[in-house]
Amino acid sequence: MPELPEVETIRRDLLPVVRGRTVRSAWISPDAPRLAQLVPAEAFCRGLVGQRIEDVGRRGKYLLIHLEGGLTWIVHLRMTGRLQHGRDGCPDDPYLRAKFGLDDGSWLCFMDLRKFGTMWLVDDVDLVTGKLGPEPLDDAFDVGAFHGALKRRSAAIKAVLLDQAVLAGVGNIYADESLFRAGIDPRKAAQRISRPAAGRLHEAVVEVLLEAVGDRGSSFSDYVDAQGKAGYHHLKVRVFRRTDEPCFVCGTAVRRVKVGGRGTHFCPKCQRR
DNA sequence: CTTATTCCCTGATTGC
DNA sequence: TGCAATCAGGGAATAA
C-alpha cells in the first residue's frame, strides 16, 4: 500500500525520465470508470494530450505532475495502484487501467488490481490536497503544533496518525512502526499523549519515514517503484504484520488488534498506555 | 466541529 | 475438496 515513502520513491524515479516530455496519447480503460475524477475519462484524456511535463512533486500520498501552462495531473495510488515508466510500452498486465504515451516513445502505465486509484487534472491543486495536514518531512511539521492537534482529539492515537488532516502521508505501516519506536500503545487516546511522548512520536514518525524513503519503500503486497521493482523496508519493520512473532526488543509476542477499523500491530510490553 | 460506520474492489484466507 | 463468507485497507461519504 503506497504511503509517503512509496510515493516519494516513484516521484524521484519519474522526475528525470518524464520532465520535459509531452503527452502524445492517453487511454483510460472503460473498466476503470472511477479513475478519472471530476470529468469523464474521454475529457480527461483530451485535456492531457499535448501537455508538457514541467516537474513532478508530491503532497502526502498524492503525486503531483505539474504541466506547463499551469495544470496539474494528480495521481493517488490508494491500495493497489502502480505507476510505472516503460521505455517501449506497458507491461502485459491484466490490471493495466490506463496508459499515456510520451513524445520520446516511452510510456506512463497505470496498473490497479482493486481500482481504488484516482487521477485529477486541475488548475488548483488545493482543490484536491487543500485539507491535508503538514508534510512530516518538512519544517512545517512542528512538534508543538502536533501535540496541540493531538490534544484536541479523543480518538485512539493510531486513528489520529492515519488522519491525513493531522499529518499527510502516514498510512497503516508507518503508523504502527512510529508508535512502536515511540513506545506508545496505539489504543491510547490522542489527547492523553504527554508532551514528551508527543515529542518522541514526532521524532519517530520522521525517522521511520526517512529510513523507509532510503529503502525505496516497503513491498508487503502490491507496491513496486516506477521501474516495477520492490522496495526493501518491509524487511526491516519491527511490528507491522509480525503478529505472534517475538518483539525484537523484549521478545514478547507482537499483538494484533483493530483500531479505527484498521489492523494494528504492537508490542504489549514496549508500548504502554 | 467530532467519531463510527459503510462503501468501493478483488485476490487471498478462513470456516464449515 | 469445495464453496461461501470474511478480510485487507485509503479515503470519501454518510450517519449520529
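To start, this report covers the structure provided alongside it. Here the structure is a predicted model, which is why all the values come from computation and not from measurement. (Residues numbered from 1 in each chain as written. Chains lettered and ligands numbered in written order. Predicted model: local features only at pLDDT ≥ 70, side-chain atom pairs only at ≥ 80, totals over all residues. Heavy atoms only, no water.)

Some points on the overall build of chain A
Our working definition: In this description a helix means any DSSP run of H or I spanning at least four residues, a strand means any run of E spanning at least two, and both kinds are numbered starting from the N terminus. Note on method: radius of gyration uses C-alpha positions; expected globular size equals 2.2 Å times residues raised to 0.38. Contacts are assigned to residue pairs that have any heavy atoms within 4.5 Å of one another. Here the open area of atoms and residues is found with the Shrake-Rupley method and a 1.4 Å probe, where only the protein chains shown may cover a residue. Positive: Lys, Arg. Negative: Asp, Glu. His and the chain ends are not part of the count. Just so you know, the charge point we use is NZ for Lys, CZ for Arg, CG for Asp and CD for Glu.
If you tally the helices and strands in chain A, you get 7 helices and 10 strands. Against the 2.2 N^0.38 benchmark of 19 Å for 273 residues, chain A shows a C-alpha radius of gyration of 20 Å, consistent with a compact globule. The contacts in chain A between residues at least 6 apart in sequence include a share of 65% that link residues at least 24 apart. As displayed, chain A has an accessible area near 12,100 Å², and 48% of this comes from carbon and sulfur atoms. Within chain A, one finds 42 positive and 34 negative side-chain charges whose respective centroids are separated by 7 Å.

Looking at the pairing of strand 2 (residues 53-59)
Inclusion rule: Paired strands are those between which DSSP finds at least two bridges.
Sheet topology note: the strand 2/strand 3 (residues 62-67) ladder contains 6 bridges and is antiparallel. In the strand pairing of strand 3, valine 56 is matched with isoleucine 65. What sits between the antiparallel neighbours strand 2 and strand 3 is a turn of 2 residues, in which glycine 60 has the positive phi angle 60°.

Details of a positive patch on the surface
Operational definition: Excluding any residue in a salt bridge, patches collect residues exceeding 30% relative accessible area, merging like charges within 9 Å and nonpolar Val, Leu, Ile, Met, Phe, Trp and Tyr side chains within 5 Å. Basic side-chain nitrogens of Lys or Arg form a salt bridge, by our definition, when they fall within 4 Å of a carboxyl oxygen of Asp or Glu.
Taken together, the side chains of Arg241, Arg256, Lys258 and Arg262 present a region of like positive charge at the surface. Locating lysine 258 in the fold gives a position in strand 9 (residues 255-259).

Some words on the packing of aromatic side chains
What counts here: Two aromatic rings, drawn from Phe, Tyr or Trp (for Trp, its six-membered ring), form a pair once their centres lie within 6.5 Å of each other, and the interplanar angle then sorts them: stacked below 30 degrees, edge-to-face above 60, tilted otherwise. With a 1.4 Å probe rolled over the protein chains alone, any residue whose accessible area is under 20% of its type maximum counts as buried; one over 50% counts as exposed, and the rest are partly exposed. Placement of a positive charge over a ring is assigned whenever Lys NZ or Arg CZ falls within 6 Å of the ring centre and within 35 degrees of the normal to the ring plane.
Inspection of the entire model under this criterion finds 3 aromatic pairs. Here tryptophan 73 and phenylalanine 100 contribute two aromatic rings whose centre-to-centre distance is 4.7 Å and whose plane-to-plane angle is 65°, an arrangement assigned as edge-to-face. A residue pair is termed long-range when its members are at least 10 positions apart, and tryptophan 73 in strand 4 (residues 72-76) and phenylalanine 100 in strand 6 (residues 96-102) qualify at 27 residues. On the basis of relative accessible area, tryptophan 73 is assigned to the buried category, the value being 0%. With 5.2 Å between their ring centres and 75° between their planes, phenylalanine 141 and phenylalanine 146 make a pair best called edge-to-face. The ring of tryptophan 107 carries lysine 99 above its face, with NZ or CZ at 5.6 Å from the centroid. When the ring centre of phenylalanine 248 is taken as reference, the NZ or CZ atom of arginine 242 above it lies at 3.8 Å.

So, the state of the cysteines
Selection rule: Here, the term disulfide refers to a pair of cysteine sulfur atoms separated by no more than 2.5 Å.
Using the criterion set out here, one finds 1 disulfide in the structure. Left without a disulfide partner, cysteine 247 is nearest to the cysteine sulfur of cysteine 267, which lies 3.7 Å away. According to the relative accessible area criterion, cysteine 247 is buried, its value standing at 5%. The closest cysteine sulfur to the non-disulfide-bonded cysteine 270 is located on cysteine 267, 3.7 Å from its own sulfur. For cysteine 270, a relative accessible area of 24% puts it in the partly exposed group.

Focus on the protein's contact with DNA strand B
Quick reminder of the rule: Neighbouring residues are identified by heavy atoms, a residue being near a molecule or strand if any of them is within 4 Å of it. N or O atoms within 3.5 Å of each other form a polar contact, as long as, within protein, one can give a hydrogen and the other can take it, and as long as residues adjacent in sequence are counted only when both atoms are side-chain atoms. Residue polarity follows a fixed list, in which Ala, Val, Leu, Ile, Met, Phe, Trp, Tyr, Cys and Pro are nonpolar, Asp, Glu, Lys and Arg are charged, and the others, Gly among them, are polar.
Every residue lining DNA strand B is accounted for by Arg34, Tyr95, Leu113, Arg114, Lys115, Phe116, Arg153, Ser154 and Ala155. Sugar plus phosphate, as a fraction of atoms of DNA strand B within 4 Å of the protein: 73%. Note that a phosphate oxygen of DNA strand B is positioned 2.9 Å from one of the side-chain N or O atoms of tyrosine 95. Separating a phosphate oxygen of DNA strand B from a backbone N or O atom of serine 154 is a distance of 3.2 Å. The residue makeup of the surface near DNA strand B, split by class, is 4 nonpolar, 1 polar and 4 charged.

Some remarks on the protein's contact with DNA strand C
Taken together, 16 residues form the shell around DNA strand C, and within it His76, Arg78, Arg256, Lys258 and Arg262 come nearest. For DNA strand C, the backbone makes up 62% of the atoms found within 4 Å of the protein, where backbone means sugar plus phosphate. One of the side-chain nitrogen or oxygen atoms of arginine 78 is found 2.9 Å away from a sugar or linking oxygen of DNA strand C. Contacts to DNA strand C include arginine 262, whose side-chain N or O atom sits 2.4 Å from a base nitrogen. If you list the elements that add at least two residues to the surface near DNA strand C, you get strand 9 and strand 10 (262-266).

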